[in-house]
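# Working through the structure, step by step
Each chain, letter by letter, is given below.
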Amino acid sequence: MNDYRIGEIVQMKKNHPCGGKEWEIQRVGMDFRIRCVTCGHSIMLPRTKFEKSVKKGRKFHFLPEN
Ligand SMILES: [Zn+2]
C-alpha cells in the first residue's frame, strides 16, 4: 500500500534542477510536501501527482529526527 510516512526518503522520476535525487517527505495527506535533500527546496504537490512521479523501489531510510 501507499503508506508514505513523514521523514521517508524517496526518489522521483525526475531529478530536481539542482541535481538532487532524494526527497524527504514532510507532509502527507491530500497534498504532499517533499523537500529536496540536496538543496533544501521544498514543494507541495497533490497526492495523485506525487504517486505518479515517485519512483518504485522506495528506500525506507529516515533522516534523524531533531
Ligand atoms: Zn534541489
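Every residue gets a number counted from 1 within its own chain, in the order that chain's sequence is written. Local features in this predicted model are restricted to residues whose pLDDT is 70 or higher, and side-chain atom pairs enter the listing and the counts only when it is 80 or higher, whereas totals over whole chains, interfaces and linings include all residues.

### Regarding the overall build of the chain
Just so we agree on the cut-off: By definition, any uninterrupted DSSP run of H or I lasting at least four residues is a helix, any uninterrupted run of E lasting at least two residues is a strand, and each is numbered from the N terminus. Counts of 20 or more other C-beta atoms within 10 Å of a residue's own C-beta define buried residues, counts of 12 or fewer define exposed ones, and intermediate counts define partly exposed ones; C-beta atoms are placed from the backbone. By the criterion used throughout, residues are in contact when their C-beta atoms, derived from the backbone, lie within 7 Å.
Check the secondary structure of the chain and you find one helix and four strands. The burial tally for the chain puts 11% of its 66 residues in the buried class. Within the chain, residue pairs in contact and separated by at least 24 positions form 26% of the contacts whose partners lie at least 6 positions apart.

### Let's talk about the environment of Cys 18
Counting through the fold element by element, Cys 18 comes out in the loop between strand E1 (9–11) and strand E2 (22–27). With 10 C-beta atoms counted inside 10 Å, the residue Cys 18 sits in the exposed group. Sequence separation of Cys 18 and His 41 is 23 residues, and the distance between their C-alpha atoms is 9.5 Å. Leaving out residues up to four positions away in the same chain, Cys 18 has contacts with Cys 36, Thr 38 and Cys 39.

### As for the pairing of E2
Here is the rule we go by: Pairing between strands is defined by DSSP: at least two bridges between the two strands are required.
In this sheet, E2 lies alongside E1 in antiparallel orientation, the contact comprising three bridges. Among the inter-strand pairings, Ile 9 is bridged to a residue of E2, identified as Glu 24. Where E2 and strand E3 (residues 31–36) come together, four bridges link them in antiparallel fashion. When the bridges of E3 are listed, Arg 27 appears paired with Arg 33. Connecting E2 to the antiparallel partner E3 that follows it, the hairpin turn spans three residues, and Gly 29 within it adopts a positive phi of roughly 145°.

### Describing the environment of Lys 52
Structurally, the position occupied by Lys 52 is in helix H1 (residues 47–53). Owing to 11 C-beta atoms within 10 Å, Lys 52 belongs among the exposed residues under this scheme. It is 9.1 Å that separates the C-alpha atoms of Lys 52 and Met 12, two residues lying 40 residues apart in sequence.

### Observations regarding the sheet that holds E1
The following threshold applies: In this analysis an axis means a line fitted to C-alpha atoms, helices contributing only their contacting stretch, and an angle means the value between N-to-C directions, from 0 to 180 degrees.
Taken in spatial order, the four strands line up as E1-E2-E3-E4 in an open sheet, and their pairing is antiparallel. The open sheet terminates on both sides in strands that have one partner only, identified here as E1 and strand E4 (42–46). Put simply, the sheet's adjacent strands are angled 40° from each other on average, direction ignored. Sheet topology places E3 next to E4; five bridges connect them, and they run antiparallel. Bridge pairing in E4 links Asp 31 to Pro 46.

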